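Residue strings, one per chain:
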Amino acid sequence: MLELKEIKKYYKVGDTTTKALDGVSVAFRKQEFVAILGPSGSGKTTMLNVIGGLDNYDSGDMVINGKSTKTFKDSDWDAYRNNSIGFVFQSYNLISHLGIIDNVELGMTLSGVSREEKKRRAEEALERVGLKDHMHKKPNQLSGGQMQRVAIARALANDPEILLCDEPTGALDSETSVQIMELIQELSREKLVIMVTHNPELATQYADRIIEFSDGQIVNDSHPHKERPKP
Ligand code: ADP
Ligand code: ADP
């Protein structure tokens, strides 16, 4: 459903050019849980940002459900970001003065959806992550793991096809990390999940596929549990 073909992304700062992505070719299926590993600066976040439509690529092509993005206009990118992509970050990025339910509603960019319908969908997303009882609290009344669940609910609010996670457990203790990984794994039964992580143990335990980056290139692509059936 998502394919990168020889994607290159360079950053020029002064006289220095960094090849953040140096010819990345990879195809992803729906219902795949992909972990991205690699040293700091190897291009992991840049790939996530390119896939999420937050960064432009310089050359190559990204093909989404058979459609090339080479000819995408700004309005096509907006629609793609709004309808197809959910983002989860290490630092949750919740708005502290807003209630939990309002934070989740912020993830809903759909036009033509009534206030009541937005509220209903936000509640549904919170129920999905086990936090419906907390919907009237503020972020600072929740634990780190709960805040990350809220961020996941917000990412789910538009029911995106692709969930992009940048070190979602980076700020969590190991027990909470396991709970978040179990939730993300469950979501990968209906979505493509691509997760950057610095934790090879969690990646091996939960992901279907592990892709390793080095210097802007994919240097390894493996399936640790090839036999595991999807229900
Ligand atoms: P990772 O996520 O693996 O740590 P990044 O994708 O963040 O790697 O970065 C890849 C390379 O691109 C690094 O050398 C980084 O310094 C560089 N880079 C990333 N973003 C920018 C930017 N906005 N401007 C200049 N260089 C950047
Ligand atoms: P991570 O290691 O978690 O990927 P980084 O510290 O590499 O995070 O990057 C954080 C943000 O800073 C990213 O959005 C990236 O685009 C930007 N960035 C990284 N390297 C540079 C750089 N050399 N110049 C400007 N921006 C950068």
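Residues numbered from 1 in each chain as written. Chains lettered and ligands numbered in written order. Predicted model: local features only at pLDDT ≥ 70, side-chain atom pairs only at ≥ 80, totals over all residues. Heavy atoms only, no water.

(A) View of the environment of phenylalanine 72. As for its position among the elements, phenylalanine 72 is in the loop between β5 (67–68) and α2 (74–84). In sequence terms phenylalanine 72 and serine 114 are 42 residues apart; their C-alpha atoms lie 29 Å from each other. If we ignore the near neighbours within four places in the chain, the residues touching phenylalanine 72 are Ile64, Lys67, Trp77 and Tyr80. (Helix = DSSP H or I, 4+ residues; strand = E, 2+ residues; numbered from the N terminus. Contact = heavy atoms within 4.5 Å.)

(B) Examining the packing of aromatic side chains more closely. This model, assessed by the stated rule, comprises three aromatic pairs. Plain terms: the ring middles of phenylalanine 72 and tryptophan 77 are 4.9 Å apart, the flat faces sit at 70° to each other, and that makes the pair edge-to-face. The residues phenylalanine 72 and tryptophan 77 share a single accessibility class, namely buried. With 5.2 Å between their ring centres and 0° between their planes, phenylalanine 87 and phenylalanine 89 make a pair best called stacked. Judged by its relative accessible area of 14%, phenylalanine 87 is buried. (Phe/Tyr/Trp six-rings, centres within 6.5 Å; stacked < 30°, edge-to-face > 60°. Buried < 20%, exposed > 50% of the residue type's maximum accessible area, 1.4 Å probe, protein only.)

(C) Here's a closer look at the sheet that holds strand β3 (residues 33–37). One open sheet holds the six strands; their spatial order is β6-β7-β8-β3-β9-β10, and the pairing between them is mixed. Each end of this open sheet is capped by a strand with a single partner; those strands are β6 (85–89) and β10 (217–222). Averaged over all neighbouring strand pairs, the angle between strand axes comes to 20°, with direction disregarded. As paired elements, strand β9 (residues 209–214) and β10 share five bridges and run antiparallel to each other. Counted as the bridge partner of serine 214 is glutamine 217 from β10. Against the sheet, α2 touches β6 and β7 (162–166), its axis set at about 65° to β6. Here helix α5 (residues 144–156) sits on the sheet and contacts β6 and β7; the angle it forms with β6, its principal contact strand, is near 165°. (Pairing = 2+ DSSP bridges. Axes fitted to C-alpha atoms, helices over the stretch in contact; angles between N-to-C directions.)

(D) Focus on the site of ligand 2. Taken together, the neighbourhood of ligand 2 is formed by Ser40, Thr45 and Glu167. Considered on its own, ligand 2 offers 560 Å² of accessible surface; in the complex 29% of this is hidden by protein. (Near = heavy atom within 4 Å. Areas by Shrake-Rupley, 256 points an atom, 1.4 Å probe, with all protein chains shown as cover.)

(E) Seen up close, the sheet that holds strand β1 (residues 2–13). Taken in spatial order, the four strands of this open sheet run β2-β1-β4-β5, and their pairing is antiparallel. Since the sheet does not close on itself, it has two edges, and those belong to β2 (16–28) and β5, each with one partner. Examined bridge by bridge, β1 and β2 share 10 bridges and lie antiparallel to one another. Each bridged residue has a counterpart across the sheet, and for lysine 12 the counterpart in β2 is threonine 17.

(F) Seen up close, the site of ligand 1. Taken together, Tyr11, Val13, Thr18, Ala20, Pro39, Ser40, Gly41, Ser42, Gly43, Lys44, Thr45 and Thr46 are the residues near ligand 1. Threonine 45 places a main-chain nitrogen or oxygen 2.8 Å from an oxygen atom of ligand 1. Burial of ligand 1 by the protein amounts to 63% of the accessible area it has alone, namely 560 Å². Listing elements by their share of the shell around ligand 1, those giving two or more residues are β1, β2 and α1 (44–51). Top element by residues in the shell around ligand 1 is α1. It accounts for three residues. Residue composition of the shell around ligand 1, by class: four nonpolar, seven polar and one charged. (Polar contact = N/O pair within 3.5 Å; in protein donor to acceptor, adjacent residues only side chain to side chain. Nonpolar A, V, L, I, M, F, W, Y, C, P; charged D, E, K, R; others polar.)

(G) Structural context of the nonpolar core. Counting residues in each nonpolar core, the largest one holds 40 residues, and the members touching the most others are Phe33, Val104, Leu126, Val129 and Ile152. Those elements giving two or more residues to this core turn out to be β3, α3 (100–106), α4 (115–128), α5, β7, α6 (174–187), β8 (192–196) and α7 (200–206). Per element, the largest residue contribution to this core is seven residues, and it comes from α5. In contact with valine 129, other than residues within four places in its own chain, are Arg149, Ile152, Ala153, Leu156 and Leu183. (Core = buried A, V, L, I, M, F, W, Y, C linked by side-chain atoms within 4.5 Å.)

(H) Fine view of the pairing of β6. Counting buried positions over the five residues of β6 gives four, a clear majority of the element. Across five bridges, β6 lies against β7 in parallel orientation. Considered in β7, the bridge of valine 88 is made with cysteine 165.

From the geometry alone we can't say anything about function, so treat these as descriptive.
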